[in-house]
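Here are the chains, one letter per residue:
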Amino acid sequence: MIKVNYYPKSVKDKKHVPLFMRLCFDSKKFKFGIGVVIDKTQWSSTNQRIKKSRQREPYNNHNEINQLLDKYTQIVTTLYWNCKNQVKPFTRQLVKNALADKLDGSLREKKNFFKAFDEFIDLKKPSISKETLRKYNSTKNYLLGLESHFETEITFNNIDAHFFRDLQEYAFDVNAHSTNYFVKHVNILKMFMKWAGNRDYHGNHKYLEFSATEVQTEIIYLTFEELNKLISAKMPNKKLDNVKDMFLFSCSTGLRYGDLKSLRTSHIRKIKHKGNDVFFLEKKAQKGRKIIKVPLSNLAVIIYNKYKDQKKDTLLNVPSNQKVNEYLKEACEIACINADTEKTRHSGNNIKTKIYEKWELVTCHVGRKTFISLMHANDMDSKTIKSLTGHSTDKAFERYLHISDTQKVGLLDKLNSKIIIE
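**Q** Explain the overall build of the protein to me, and be specific about the residues and the numbers.
**A** Summing up its helical and strand segments, the protein has 15 helices and 10 strands in all. Within the structure as shown, the protein displays about 24400 Å² of accessible surface, and the carbon and sulfur contribution to it stands at 49%.

Structure, rendered in structure tokens:
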């Protein structure tokens, strides 16, 4: 005689837990995980099944799960009696093989979540930048961290509203990460889930309900006055001088860190324009793969001429991103770029505002924001600036553009000059 029971795994402080099968027969016991995660508060120990969801509660898939358990029970019971009739041993491996071969219900995982994530990254790798690849791996590791922290297993089937609440708790309560950092992980997760669904790795569409919105943050950039202070500031050593030049080149061209690091002398060519020599930078951007074409300002040409004869593959001397940001702060502090600058940090519902000296907030990316904001302040239209920076959408572009109070007052003055008040 065989008895088939099911029970949820006991995990402290965890609502969603794996469901196990226990087989008792001939004074022996087998235990199996069956690849189903349930809300343990909706489990009936008496009936060994999921309780029907209440009228105002979200549907809990009780019909599908209970039908699956019925199917499990039928297959295992039939296998046991077949072994008895044929005088064959009823073994753990025999049961595993039977379940693997015959159970193809919609709730059974078709592919392991993280193995599919690895496949997703490998297939995307040839067509994305190193920075995007780093972000994909970061999201995968973030989810592994969540799995470890809550002592649970992430599967395609349990990516639901409860999982999303766990993700929020892990981001904001456990790690105090910023809202925008959380949003980036959510967007990559949703992209992956869509990719996996298109390959029939799962049939779960609850992830589509996940909603996470970026918050607008202050745009840190250098004014013309601050830029001139940095240009004239003398650096005490070569490493700071190199990073200062790299940053000023970014302020003059709008290049990102990755494009500055990979910039070669061959990316810059000289043409004749109205009888004058004009230097043009032309290269494929690492992010988005668009061709960037930017005429070099006088400052950018001076920096180009300073480094062009180096016997190395790249034009500029660019250390790691972390070192660049460290050295930039030091260089900007030397240049007395110390205006009081407000910075607000959003982490879920927690909002904190702090005043910094501006040099404390300068990173390599501030160069790109400076280029865009100063070009706009100098009356260059947004369409032209986007053609120089490679931005394809207004939403992405606006994250970099700061419109100063001086510009706003200037527009108001133009309006006032056309209105006659008697």
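Structure shown, so let's carry the discussion forward.
**Q** Account for a positive patch on the surface, naming residues and giving values.
**A** On the surface, a cluster of positive charge is contributed by Lys9, Lys31, Arg92 and Lys96. Looking at where Arg92 falls in the secondary structure, it is placed in helix 2 (residues 92-102). What makes Arg92 partly exposed here is its relative accessible area of 35%.

**Q** With reference to specific residues and values, describe the pairing of strand 8 (residues 291-295).
**A** Burial along strand 8 is one-sided: Ile292 and Val294 are buried, while Ile291, Lys293 and Pro295, pointing the other way, are not. As paired elements, strand 7 (residues 276-284) and strand 8 share five bridges and run antiparallel to each other. Bridging across to strand 8, Phe280 finds its partner in Pro295.

**Q** Could you give me a rundown of the packing of helix 4 (residues 130-150) against helix 5 (residues 161-174), with the residues and numbers involved?
**A** At their nearest, the axes of helix 4 and helix 5 sit 11 Å apart, and the two run at 95° to each other. Classified by the angle their axes make, helix 4 and helix 5 are roughly perpendicular. Of helix 5, the residues touching helix 4 (which contributes Tyr142, Leu143, Gly145, Leu146, His149 and Phe150) are Phe163, Asp166, Leu167, Glu169, Tyr170, Ala171 and Val174. Partitioned by chemical class, the residues of the contact of helix 4 with helix 5 number nine nonpolar, two polar and two charged.

**Q** Let's hear about the environment of Asn66: which residues, and what values?
**A** As for its position among the elements, Asn66 is in helix 1 (residues 62-85). Sequence spacing of Asn66 and Ile50 is 16 residues, and the spatial spacing of their C-alpha atoms is 6.4 Å. Dropping the residues within four chain positions of it, Asn66 is found in contact with Arg49 and Ile50.

**Q** I'd love a proper account of the state of the cysteines, names of residues and values included.
**A** For the structure on display, the rule yields zero disulfides. In this model Cys332 remains outside any disulfide bridge; the closest cysteine sulfur is found in Cys251, 8.4 Å from its own.

**Q** Hey, could you go over the environment of Cys364 for me, with residue numbers and the actual values?
**A** Looking at where Cys364 falls in the secondary structure, it is placed in the loop between strand 10 (350-357) and helix 12 (365-377). We classify Cys364 as buried; its relative accessible area is 3%. Expressed as a C-alpha distance, the spacing of Cys364 and Phe247, which sit 117 residues apart in the sequence, is 6.5 Å.

**Q** Can you break down the side chain of Gln42 residue by residue, with the values?
**A** With respect to the helices and strands, the residue Gln42 is situated in the loop between strand 3 (28-39) and strand 4 (43-44). Aside from chain neighbours lying at most four places away, what touches Gln42 is Arg49, Ile50, Lys51, Glu57 and Asn60.

**Q** Hey, could you go over the sheet that holds strand 2 (residues 16-25) for me, with residue numbers and the actual values?
**A** If you walk across this open sheet you meet the three strands as 1-2-3, and the pairing is antiparallel. Two strands close off the open sheet at either side, each with one partner strand: strand 1 (2-8) and strand 3. Taken pair by pair, the neighbouring strands of this sheet meet at an average axis angle of 20°, ignoring direction. For strand 2 and strand 3, the ladder comprises nine bridges, and the chain directions are antiparallel. Residue pairing across strands places Arg22 opposite Lys31, the latter belonging to strand 3. Packing against the sheet, helix 1 makes contact with strand 1, strand 2 and strand 3, and its axis sits at approximately 150° to strand 1.

**Q** Summarise the pattern of salt bridges; cite the residues concerned and give the values.
**A** Across all of its chains, the model carries 11 salt bridges by this definition. Across the pair Arg49 and Asp70 runs a salt bridge, and its minimum N-O distance is 2.8 Å. With Arg49 in strand 5 (residues 49-50) and Asp70 in helix 1, this residue pair connects regions lying 21 residues apart in the sequence. Judged by its relative accessible area of 42%, Asp70 is partly exposed. Each of Asp241, Asp245 and Lys306 takes part in a single network of salt bridges with overlapping partners.

**Q** So what's going on with the sheet that holds strand 8? Residues and values would help.
**A** Read across the open sheet, the three strands follow the order 6-7-8; overall the sheet is antiparallel. Each of the sheet's edge strands pairs with one partner strand only, and the pair in question is strand 6 (268-273) and strand 8. Between one strand and the next, the sheet's axes are offset by a mean angle of 30°, whatever the strand orientation.

**Q** Help me get a handle on the nonpolar core, residues and values and all.
**A** Note that soluble globular proteins tend to have their nonpolar side chains buried in a common cluster. Counting residues in each nonpolar core, the largest one holds 50 residues, and the members touching the most others are Phe247, Phe249 and Leu316. Take this core: its biggest share by element is seven residues, from helix 8 (residues 238-253). Leave out the neighbours within four places in its chain, and Leu316 touches Met246, Phe249, Leu260, Leu263, Ile303 and Tyr307. Counting 33 residues, the second-largest nonpolar core is a separate cluster that includes Ile121, Ile128, Leu133 and Phe192.

Rules used throughout
- Residues numbered from 1 in each chain as written.
- Predicted model: local features only at pLDDT ≥ 70, side-chain atom pairs only at ≥ 80, totals over all residues.
- Heavy atoms only, no water.
- Helix = DSSP H or I, 4+ residues; strand = E, 2+ residues; numbered from the N terminus.
- Areas by Shrake-Rupley, 256 points an atom, 1.4 Å probe, with all protein chains shown as cover.
- Patch = residues over 30% accessible without salt bridge, like charges linked within 9 Å, V, L, I, M, F, W, Y side chains within 5 Å.
- Salt bridge = Lys/Arg side-chain N within 4 Å of Asp/Glu carboxyl O.
- Lys, Arg positive; Asp, Glu negative; His and termini not counted.
- Charge placed at Lys NZ, Arg CZ, Asp CG, Glu CD.
- Buried < 20%, exposed > 50% of the residue type's maximum accessible area, 1.4 Å probe, protein only.
- Pairing = 2+ DSSP bridges.
- Axes fitted to C-alpha atoms, helices over the stretch in contact; angles between N-to-C directions.
- Parallel < 35°, antiparallel > 145°, perpendicular 65-115°, else oblique.
- Contact = heavy atoms within 4.5 Å.
- Nonpolar A, V, L, I, M, F, W, Y, C, P; charged D, E, K, R; others polar.
- Disulfide = S-S within 2.5 Å.
- Core = buried A, V, L, I, M, F, W, Y, C linked by side-chain atoms within 4.5 Å.

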